Amino acid sequence: MKESGLKLLSFPPDNPPLSIIAAAKIAGIDLPTQTSSSASFPTLTFSDGRKLHGNSVILRYIGRQAPIPNFYGDGDFHAAQIDEWLEYAPIISCGSEFENACSYMDVYLEKRTFFVSHYFSIADIAIWSGLAGAGPRWESMRKSNKYPNLVRWYNSISAEYSEPLKEVTALYVGKKGSGKPVAVKSKEVKSVNGDNSDKTKAGSRSTSEIDLPNAEMGKVRLRFAPEPSGFLHIGHSKAALLNQYFAQRYQGEVILRFDDTNPTKESNEFVENLIKDVETLGIKYQKITYTSDYFPKLMDLAEKMIREGKAYVDDTPREQMQKERMDGIESKCRSNSVEENLKLWKEMIAGSERGLQCCVRGKLDMQDPNKSLRDPVYYRCNPVPHHRIGSKYKIYPTYDFACPFVDAEEGITHALRSSEYHDRNAQYYRIQEDMGMRKVHIYEFSRLNMVYTLLSKRKLLWFVQNGKVDGWDDPRFPTVQGIVRRGLKIEALIQFIVEQGASKNLNLMEWDKLWTINKKIIDPVCPRHTAVIEERRLLLTLTNGPDKPFVRIIPRHKKYEGAGEKATTFTKRIWLDYADAECISVGEEVTLMDWGNAIVKEIIKDQDGNITQLVGVLHLEGSVKTTKLKLTWLAETNELVNLTLMEFDYLITKKKLEEGEDFLDVLNPCTKKEIAAVGDSNMRNLKQGEILQLERKGYYRCDVPFIRSSKPVVLFAIPDGRQQSVSK
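First, a word on what this report is: a plain description of the structure on this page. Only a predicted model underlies this, so the values are computations on that prediction, with no experimental measurement involved.

How each quantity is defined
- Residues numbered from 1 in each chain as written.
- Predicted model: local features only at pLDDT ≥ 70, side-chain atom pairs only at ≥ 80, totals over all residues.
- Heavy atoms only, no water.
- Helix = DSSP H or I, 4+ residues; strand = E, 2+ residues; numbered from the N terminus.
- Expected span 1.5 Å × (residues − 1).
- Buried < 20%, exposed > 50% of the residue type's maximum accessible area, 1.4 Å probe, protein only.
- Pairing = 2+ DSSP bridges.
- Core = buried A, V, L, I, M, F, W, Y, C linked by side-chain atoms within 4.5 Å.
- Contact = heavy atoms within 4.5 Å.
- Salt bridge = Lys/Arg side-chain N within 4 Å of Asp/Glu carboxyl O.
- Phe/Tyr/Trp six-rings, centres within 6.5 Å; stacked < 30°, edge-to-face > 60°.

## A closer look at helix H5 (residues 122–133)
Okay, so step 1: Taking 1.5 Å of rise per residue, the twelve residues of H5 would be expected to cover 16 Å, and the 16 Å separating its terminal C-alpha atoms lies within 8% of that figure.
Okay, so step 2: Burial of H5 is extensive: eleven of the twelve residues sit out of reach of the surface.
Okay, so step 3: Along H5, the residues that are buried comprise Ile122, Ala123, Asp124, Ile125, Ala126, Ile127, Trp128, Ser129, Leu131, Ala132 and Gly133.
Okay, so step 4: Phi for Gly135, located one or two positions after H5, is positive at around 60°.

## Some thoughts on the sheet that holds strand S32 (residues 698–704)
Okay, so step 1: With respect to topology, seven strands assemble into an open sheet ordered S18-S31-S32-S33-S29-S30-S19, the strand pairing being mixed. Each edge of the open sheet carries a strand with a single partner, namely strand S18 (528–529) and strand S19 (531–533).
Okay, so step 2: In the sheet, S32 pairs with strand S33 (residues 713–718) via five bridges, with the strands oriented antiparallel. Counted as the bridge partner of Val704 is Val714 from S33.

## Overview of the nonpolar core
Okay, so step 1: One finds Met105, Phe115, Ile127, Leu131, Trp138 and Trp153 to be the most contacted residues of the largest nonpolar core, which totals 63 residues.
Okay, so step 2: Not counting the four nearest positions on each side in its chain, Met105 is found in contact with Trp85, Tyr88, Ile92, Phe115, Ile127, Leu131 and Leu150.
Okay, so step 3: With 52 residues, the next largest nonpolar core counts Leu232, Val451, Ile497 and Ile718 among its residues.

## Structural notes on the pattern of salt bridges
Okay, so step 1: All told, the structure shown has 40 salt bridges when counted by the stated rule.
Okay, so step 2: Asp474 is the partner of Arg476 in a salt bridge, and the nearest nitrogen-oxygen pair spans 2.8 Å. Taken as a pair, Arg476 and Asp474 share a single burial class, namely buried.
Okay, so step 3: As a salt-bridge pair, Lys655 and Glu510 come within 2.9 Å of each other at their nearest N and O atoms.

## Considerations on the packing of aromatic side chains
Here a ring pair, both rings aromatic, is described through the centre-centre distance and the interplanar angle of the planes.
Okay, so step 1: This structure, assessed with the given rule, holds 38 aromatic pairs.
Okay, so step 2: Judged by centre distance (4.5 Å) and plane angle (20°), the rings of Tyr452 and Tyr650 are stacked. With Tyr452 in the loop between strand S16 (448–450) and helix H16 (457–465) and Tyr650 in the loop between strand S29 (641–648) and strand S30 (672–679), the pair connects residues that are 198 residues apart, well separated along the chain. Exposure class is identical for Tyr452 and Tyr650. Each is buried.
Okay, so step 3: Here the aromatic rings of Phe648 and Phe716 are separated by 5.0 Å at their centres, their planes lie at 85°, and the arrangement is edge-to-face. Here Phe648 is found in strand S29, whereas its partner Phe716 is found in strand S33, with 68 residues between them in sequence. The pair Phe648 / Phe716 is uniform in exposure class, with both members buried.

## Let's talk about the pairing of strand S23 (residues 573–576)
Okay, so step 1: Both strand S20 (residues 538–542) and S23 contribute to a ladder of four bridges, which runs antiparallel. In the strand pairing of S23, Leu538 is matched with Leu576.
Okay, so step 2: Here two bridges tie S23 to strand S28 (residues 634–635), and the two strands are oriented antiparallel to one another. The residue bridging Trp575 from the neighbouring strand is Leu634, located in S28.

Read these as geometric descriptors, not functional statements.
Below, the structure written as structure tokens:
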């Protein structure tokens, strides 16, 4: 190696930079590694304190320093080609783009041995590492021989550098499950070419390192049990994805169960949308069950417990009962005879006037310091028809009573619950014990809380019922359907949640982090288009411009061929944003993107000083490197598409509500903004749900595609992780 002094390669525990580690291994470079839970990207630190950041930057450095001919190309042109492939490599891990990427590379390799020129280079390592890191997904592709040229190339690299690559994959690539890189224990230092140099135990661990207590491989059974009283939101997503994660890790299974014990709040609409949301998240459930399937058994069990003196019927008014529980005062009904309790139980089943005054309570311990054990309610009356079984029942079990029973009855081995229920764990175990049921292990994780966000379904329902949003899939909502409609890719949500792991520490997370992950996924592949804001847009007349309009076909994404092509029209008069025109000085040379330079000769204003038009000349021989302003523009043509650009803000103006604080006091009065614009003619072909970038404006998702000229295409602005203040 030409330069010594390398000290350490550090990287996130759940995202080892396979290409860097493999390149160092192949080049014989001794590169100690260390994981850092605070890192978000690889960092190479030198002994003198200097640092390099980022996968591609470090890989290029190794390419230059390695004693391998042409490892980073044999000249500037080949080095530039290698750079293109380094930028392309992350697309391989972009979920839905995986097969497109494989198809593109397969065609590219039809008559090639390596990705660049005739030499093995870091471009080959970057692509090889991306495929290897895809785990089972790539392995199934290899076996299917769907991409023969890509498989031929991959097998050739694997065979040529068998020993180092096998060592890297054994250390860092998962053999089963998700195919994600295996996380190394935090702070555990390894040398790429040696043994562990420091086995300091982790201060924190990633999801893949956390064990379920008493879990046996192949015997783990979990359940995700939402109440069908709303749509799935980002908080529920964490629970759903953690259940799937552990099921895959232990080769177990997940049941999707609807906890439908409160007919007042529940509906079939919510059931259908929860199933849709769970499938959107990619949760592979073994079957769907309903707590209501067990109502007959639960009623029999409640009556049995009344007969055994483990439960009693209480007609104490709700407010008084709550006060007595807080104060540790036993109900007057606690000492009722079994006969009296059974008599009132029959009244409850009938839904009589007397029965409606009563509930069934467990006889636990009214003096226990843990108030959840102070005779909790097991059954209550509710005459509202159930969404699945109609008016068959007038009584329904509480979650506290039904959940321990159904978990045990369905063979659940581990019940994942957020730590906000910690005080109720003792109640869960006690009720299971009184029922005579098998014990189910509870595993806690921290509830996911987001800044400026309400996750209470009751509060979200208020926004829907009061017309503050357009429904449960409103892009301002934290529901899965809402954030996907806003432009979030599910791969980003999964990565965001898995990065947090199953920590039990309370989290108040910034949305910026999630949107930053999302940007990294969409930016390499989303097509580029141009728009000009309608208000005060003005014309730049190019006096030496084309007398007749002409069209060029150019890529929709300069670095991703899979995005396709677009037609760009060039005319003598072009539209500019007024905000851009205000920045231009007379005589200034500017760059018209995708065309070339122009010199503005004249700025015409009205009597109020407002710019009305510009006059200039093309100067296509000018250098784009010398201009300060790079302007987007549109040809003056009747083919332009009308657009409505939608921007959204948080529904509340406070990062976190304090206990007892009313969310109605911090409502954001302005959460939606519409901006009229015109876009290039190619936007007629946008499909609903397609993500694009309006150059120099940001990322957008097409919510309403082109139907007719009089109806604008509606684009939703996608946050990119650069925090914006709450609207004033």
